[in-house]
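Examination of the molecular architecture
Each chain, letter by letter, is given below.
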Amino acid sequence: RPFHVEPTNIVNVNDDMQRVTDEASAMNKRIHYYSRLTSPADRALIAPDHVLPAPDEIYVYSPLGTAFKVDSCTDGYGKNSSIVTIFMIWNTMMGTSILSIPWGIKQAGFTSGIILILLMGILTLYCCYRVVKSRKMIPLVDTSNWEFPDVCKYYFGSFGQWSSLLFSMISLVGAMVVYWVLMSNFLFNTGKFIYNFVHDINVTDIVPGTNGSNKVICPSAASGHPPQNRSVMFSSGNNTDFELFEEWWNKSQTVPFYLIAVLLPLLNLKSPSFFAKFNVLGTVSVVYLVFLVTVKAACLGIHLEYNWFTENEFFVPEFRILFPQLTGILTLAFFIHNCVITLLQNNRNQENNVRDLSIAYFLVGLTYLYVGVIIFASFPSPPLSKECIEQNFLDNFPSDDIMSFVARIFLLFQMMTVYPLLGYLARVQLLRQFFGNAYPSVFHVLALNVAIVGAGVAMARFYPNIGGIIRYSGATCGLAFVFVYPSLIYVISLHRAGQLTWPALIIHIFIILLGLANLIAQFLL
């Protein structure tokens, strides 16, 4: 019986064929997604015809600018384990917002700040659930390769398509502006540290601060605007040379322009995929910041005093009317809604998506809580007031602080590698929509990049407040992607299925009103 096959062998053959089919399907989905980020002529993110990526090499691109490769973490068939999926979501959400969380807690009050972080985490997670399930609620349509903007287009037509593009561009350009302000800050402090070290200069800044080896400063007490590089004393070196250095190395007047020479040419590259290899520095930077915060808190101790509604010289009330400033920051801090479908579609066990997303949100919220609470609690009050906590908490440490210097170096290099990727994604989304090509000509690309860089330089020059920029852009793009679209799509899908109830309608209208109030409050407080 030469053609006889045992039943068990038939099962094994069928399993192998199914695995091959699953692998091919997963590969096609990834290639399809990458191809949508580029024009047909630009093959930067398209697999060559003769090359298929290895099953254990998965590249993740998110609209927020995170790009990294996960090696040897899959099941061998193009699927991620839950722990890899959780890490990718955590890595994508962790961004520059972490630097402003302590300031946001100070604006809201310590107790209300902690409560708001927990509530905003839960609310944005719920809205993220609605995004993940939005594709599955569309009947009789193959949505396997859809992203959330495609779902918006399905429900709202051209308005959904163009409005999702608008708010996506706000999130990208807002992130690039924040990056430019922070890169100017980090480059200034790094250059100042190196110059003082090389020339053996001991500088005393004109800002109040603590004494000792773990010095903390209060730049906002010296002036009503972010501090410049003003100093009054040095122990060695030429006086004229030092004054000349301070004139040409100024945080807001000169350094933002120096960055143009480096970053503008990088933005004009047709494919910046080389820089994706360095995005692991984002994870390293966050881990180092947690380490820095822990060490500083151990050295400074805990300084807390509970005043529920009254403010004194050194402490702020537990509840403050300025709390929407923190909710604006948190909207962007927990923002992953326009790329979460991509991050979850290669999860090995799709039934675990809700669990893995919840764990990732829990870890992100825990990281924000830890950094924000520890910095706020350990800030030395007295002698300094809690009002001295800066929008970038690294500004509370002088430029000659070694640990802060290392953190600024890490963050500066990481941001300089992410910035071209953000610009590339902005170019792809905008130019392809208008011209059908991500690189229609060098003049189109140069004009767009000059406009984006000009916005960053202008903000670094005249409004270098990252907390303000983050909360405005976060509340704006969050209104659409976090609050309005997920809620409306869910209500419409329930209505079409005849399953809409009054409680569900009221709850989701309330969520939309919260998002609208969050945006309006940013301009009133």
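Each chain has its residues counted from 1, following the order in which its sequence is written. Under the rules for a predicted model, residues below a pLDDT of 70 receive no local features and side-chain atom pairs below 80 are neither given nor counted, while totals for whole chains, interfaces and linings still include all residues. Side-chain metrics rest on all non-hydrogen atoms present in the structure, leaving aside hydrogens and water.

Using the following cut-off: UniProt positions are given in the numbering used here, feature names are shortened, and annotations may be inferred rather than shown by experiment.
As named in an unreviewed UniProt entry, the protein chain is Neutral amino acid transporter 9, taken from Chunga burmeisteri. Checking UniProt for the protein chain, the heading Sequence similarities (unreviewed entry) contains the comment "Belongs to the amino acid/polyamine transporter 2 family. SLC38A9 subfamily."

Details of the overall build of the protein chain
Our working definition: By definition, any uninterrupted DSSP run of H or I lasting at least four residues is a helix, any uninterrupted run of E lasting at least two residues is a strand, and each is numbered from the N terminus. A 1.4 Å probe rolled over the protein chains alone gives each residue an accessible area, and that area as a share of the maximum for its type sets the label: buried under 20%, exposed over 50%, partly exposed in between. Whether two residues are in contact is decided by their heavy atoms, any of which lying within 4.5 Å being enough.
A count of helical and extended segments in the protein chain gives 15 helices and two strands. Looking at the protein chain residue by residue over its 525 residues, the buried ones come to 54%. When contacts within the protein chain are restricted to residue pairs at least 6 apart in sequence, long-range pairs at least 24 apart make up 79% of them.

Some remarks on unusual backbone geometry
Note: most peptide bonds trans; most residues except glycine with negative phi. Between Ser381 and Pro382 the backbone carries a cis peptide bond, its omega angle lying at -15°. By secondary structure assignment, the location of Pro382 is in the loop between helix H11 (353-378) and helix H12 (402-435). Note that the residue after Pro382, namely Pro383, is joined by a cis bond; omega there is 10°. With respect to the element layout, Pro383 can be found in the loop between H11 and H12.

Some remarks on the pattern of salt bridges
As a reminder of what qualifies: The working definition used for a salt bridge is a side-chain nitrogen of Lys or Arg within 4 Å of a carboxyl oxygen of Asp or Glu.
A complete count under the given rule lists four salt bridges for this structure. A salt bridge links Lys106 to Glu387; its shortest N-O distance comes to 3.6 Å. Here Lys106 is found in helix H3 (residues 101-108), whereas its partner Glu387 is found in the loop between H11 and H12, with 281 residues between them in sequence. Of the charged contacts in the structure, one is a salt bridge between Arg320 and Glu387, with a shortest N-O distance of 2.8 Å. With Arg320 in the loop between helix H8 (280-300) and helix H9 (324-333) and Glu387 in the loop between H11 and H12, this pair connects stretches of sequence that are 67 residues apart. In this structure Arg320 comes out as buried when scored by relative accessible area, which is 15%. Exposure remark for Glu387: the relative accessible area of 27% places this residue in the partly exposed category. Each of Lys106, Arg320 and Glu387 takes part in a single network of salt bridges with overlapping partners.

A closer look at the side chain of Ser134
Position of Ser134 among the secondary structure elements: in helix H4 (residues 110-134). Residue Ser134 is classed as buried on the basis of its relative accessible area of 2%. With sequence-adjacent residues up to four places away left out, Ser134 is seen in contact with Phe148, Val151 and Ile489.

Some words on the packing of helix H7 (residues 255-267) against H12
The criterion, for reference: Here an axis means a line fitted to C-alpha atoms, over the contact stretch when the element is a helix, while the angle between two N-to-C directions is reported on a 0 to 180 degree scale. Here the angle decides the label: under 35 degrees means roughly parallel, over 145 means roughly antiparallel, 65 to 115 means roughly perpendicular, and every other value means oblique. Each crossing gets its hand from how the near helix is turned against the far one by less than a right angle, where anticlockwise is left-handed and clockwise is right-handed.
Two numbers describe how H7 lies on H12: the axes approach to 9 Å, and their chain directions differ by 40°. Judged by the inter-axis angle, H7 sits oblique to H12. The two elements H7 and H12 cross, and the hand of that crossing is right-handed. Residue-level contacts link Val262, Leu263, Leu266 and Leu267 of H7 to Met416, Tyr419, Pro420, Gly423 and Arg427 of H12.

Focus on the state of the cysteines
Inclusion rule: Any cysteine sulfur atom paired with another within 2.5 Å is treated as part of a disulfide.
The tally for this structure, following the rule as stated, stands at one disulfide. Disulfide partner of Cys218: Cys388, at an S-S distance of 1.9 Å. In this structure, the disulfide formed by Cys218 and Cys388 twists by about -80° around the S-S bond and is classed as left-handed. Of this pair, Cys218 sits in the loop between helix H5 (148-198) and helix H6 (239-248) while Cys388 sits in the loop between H11 and H12, and the two are 170 residues apart along the sequence. Each member of the pair, Cys218 as well as Cys388, is classed as buried.

Looking at the environment of Asn437
As a reminder of what qualifies: Two N or O atoms form a polar contact when they lie within 3.5 Å of each other; inside protein one atom must be a possible hydrogen donor and the other a possible acceptor, and for residues adjacent in sequence the pair counts only when both atoms belong to side chains.
Residue position: Asn437 is located in the loop between H12 and helix H13 (442-462). Sequence separation between Asn437 and Arg427 is ten residues; the distance between their C-alpha atoms is 9.5 Å. Of the polar contacts made by the side chain of Asn437, one reaches the backbone nitrogen of Tyr439; its length is 2.8 Å.

Structural notes on the nonpolar core
Defined as follows: Side-chain atoms within 4.5 Å are what join buried Ala, Val, Leu, Ile, Met, Phe, Trp, Tyr and Cys residues into a set we call a nonpolar core.
One finds Leu99, Phe393, Leu394 and Tyr419 to be the most contacted residues of the largest nonpolar core, which totals 118 residues. With 17 residues, the top contributor of residues to this core is H5. Discounting chain neighbours no more than four positions away, the residues touching Tyr419 are Met176, Tyr179, Trp180, Met183, Leu263, Leu267, Ile452 and Val453. Counting residues in each nonpolar core, the second largest holds seven residues, with Ile201, Phe242, Trp249 and Val255 among its members.

Quick notes on H12
Given 3.6 residues per turn, any residue in an α-helix points the same way as the ones three and four places further on. Selection criterion: Working rule for helices: expected span equals 1.5 Å times residues minus one.
With 34 residues, H12 should reach 50 Å at 1.5 Å per residue; the first-to-last C-alpha distance of 49 Å fits that figure. At the N-terminal boundary of H12, the capping side chain belongs to Asp401, with an oxygen 3.4 Å from the backbone nitrogen of Met403. Just past H12, the residue Gly436 takes up positive phi, approximately 75°.

Considering the packing of aromatic side chains
Basically, it comes down to this: Pairs were defined over the aromatic rings of Phe, Tyr and Trp, the Trp ring being its six-membered one, requiring ring centres within 6.5 Å. Orientation was assigned from the angle between planes: stacked under 30 degrees, edge-to-face over 60, tilted for the rest. Placement of a positive charge over a ring is assigned whenever Lys NZ or Arg CZ falls within 6 Å of the ring centre and within 35 degrees of the normal to the ring plane.
A full pass over the atoms with the stated rule returns 22 aromatic pairs. With 5.9 Å between their ring centres and 55° between their planes, Trp146 and Tyr154 make a pair best called tilted. Looking at Tyr154, the relative accessible area reads 34%, which means it is partly exposed. Sitting over the ring of Tyr490, Arg130 keeps its end group 3.9 Å from the ring centre. Lying across the ring of Tyr439, Lys270 places its NZ or CZ 5.1 Å from the centre.

Topic: the environment of Ser164
Assignment of secondary structure puts Ser164 in helix H5. What makes Ser164 buried here is its relative accessible area of 4%. Measuring from C-alpha to C-alpha, the distance between Ser164 and Asp150 comes to 9.2 Å, with 14 residues separating the pair along the chain. Residue contacts for Ser164: discarding those within four places in its chain leaves Pro149, Phe481 and Tyr485. Looking at Ser164, its side chain comes within polar contact range of the main-chain oxygen of Gly160, at 2.8 Å. A distance of 2.8 Å separates a polar side-chain atom of Ser164 from the backbone oxygen of Gln161.

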